[in-house]
Amino acid sequence: MATYDMEEGVRYACQRCGNCCRWHGEVPVTDSEIAKIADFLGMELYEFIAEYTELRINRAGLTLIDKPDGPEHECIFLDGIDCRIQEVKPGQCAGFPNEWNFPGWKEKCEAKPVRGNGIA
Ligand code: SF4
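Here is a short report on the structure shown in this document. It should be emphasised that the depicted structure is a prediction, and the values quoted were computed from it without experimental measurement. (Residues numbered from 1 in each chain as written. Predicted model: local features only at pLDDT ≥ 70, side-chain atom pairs only at ≥ 80, totals over all residues.)

Side note on the overall build of the protein
- Scanning the protein from terminus to terminus reveals three helices and seven strands.
- Helices and strands appear in the protein in the N-to-C order β-β-α-α-β-β-β-β-α-β.
- For the protein, long-range pairs separated by at least 24 residues make up 64% of all intrachain contacts whose partners lie at least 6 apart in sequence. (Helix = DSSP H or I, 4+ residues; strand = E, 2+ residues; numbered from the N terminus. Contact = placed C-beta atoms within 7 Å.)

Focus on the site of the ligand
- As a matter of local geometry, the ligand sits amid Cys14, Gln15, Arg16, Cys17, Gly18, Asn19, Cys20, Phe96, Pro97, Cys109, Glu110 and Ala111.
- Among the residues forming the shell around the ligand, the class breakdown is seven nonpolar, three polar and two charged. (Near = placed C-beta within 6 Å. Nonpolar A, V, L, I, M, F, W, Y, C, P; charged D, E, K, R; others polar.)

With respect to the sheet that holds strand 2 (residues 28-29)
- Spatially, 2-4-3 is the arrangement adopted by the three strands of the open sheet, whose pairing is antiparallel. Here the strands that pair on one side only, and so sit at the sheet edges, are strand 2 and strand 3 (53-55).
- Of the pairings in the sheet, the one linking strand 2 to strand 4 (residues 62-64) comprises two bridges and is antiparallel in character. Counted as the bridge partner of Val29 is Leu62 from strand 4. (Pairing = 2+ DSSP bridges.)

A word on the packing of helix 1 (residues 31-41) against helix 2 (residues 45-52)
- Across the interface, helix 1 lies against helix 2 with an axial gap of 9 Å and an inter-helix angle of 100°. With respect to each other, helix 1 and helix 2 are oriented roughly perpendicular. Touching Ile34, Ala35, Ile37, Ala38 and Leu41 of helix 1 are Leu45, Phe48 and Ile49, all from helix 2.
- Residue composition of the contact of helix 1 with helix 2, grouped by class: eight nonpolar, no polar and no charged. (Axes fitted to C-alpha atoms, helices over the stretch in contact; angles between N-to-C directions. Parallel < 35°, antiparallel > 145°, perpendicular 65-115°, else oblique.)

Shown next as structure tokens:
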């Protein structure tokens, strides 16, 4: 995946603003991610898939769903500023913004730059 506007030796520390949990778009989940999340929630696989996922637009797998009756585009697992599946969240969520991002991402994400010595 591509990254934009990143500096050599700098990582960005999430500030839990939750903005990336409220963007339009899919959150693809792999079979192993689905199994981990279902297990974390104490659910059977089929039960988790039926309740929390839907077919991706390209029909090539599953995506987590948004809250059906919550604010538009808000992830089903966002609870205030907390992620209900933080410990087992999908790679797409864990990888933003350091492993992938998009042009202009800093206007929407509040993550803070952290150098190797940990000083922001
Ligand atoms: S938008 Fe950035 S700072 Fe906000 S929750 Fe997502 S990764 Fe963290």
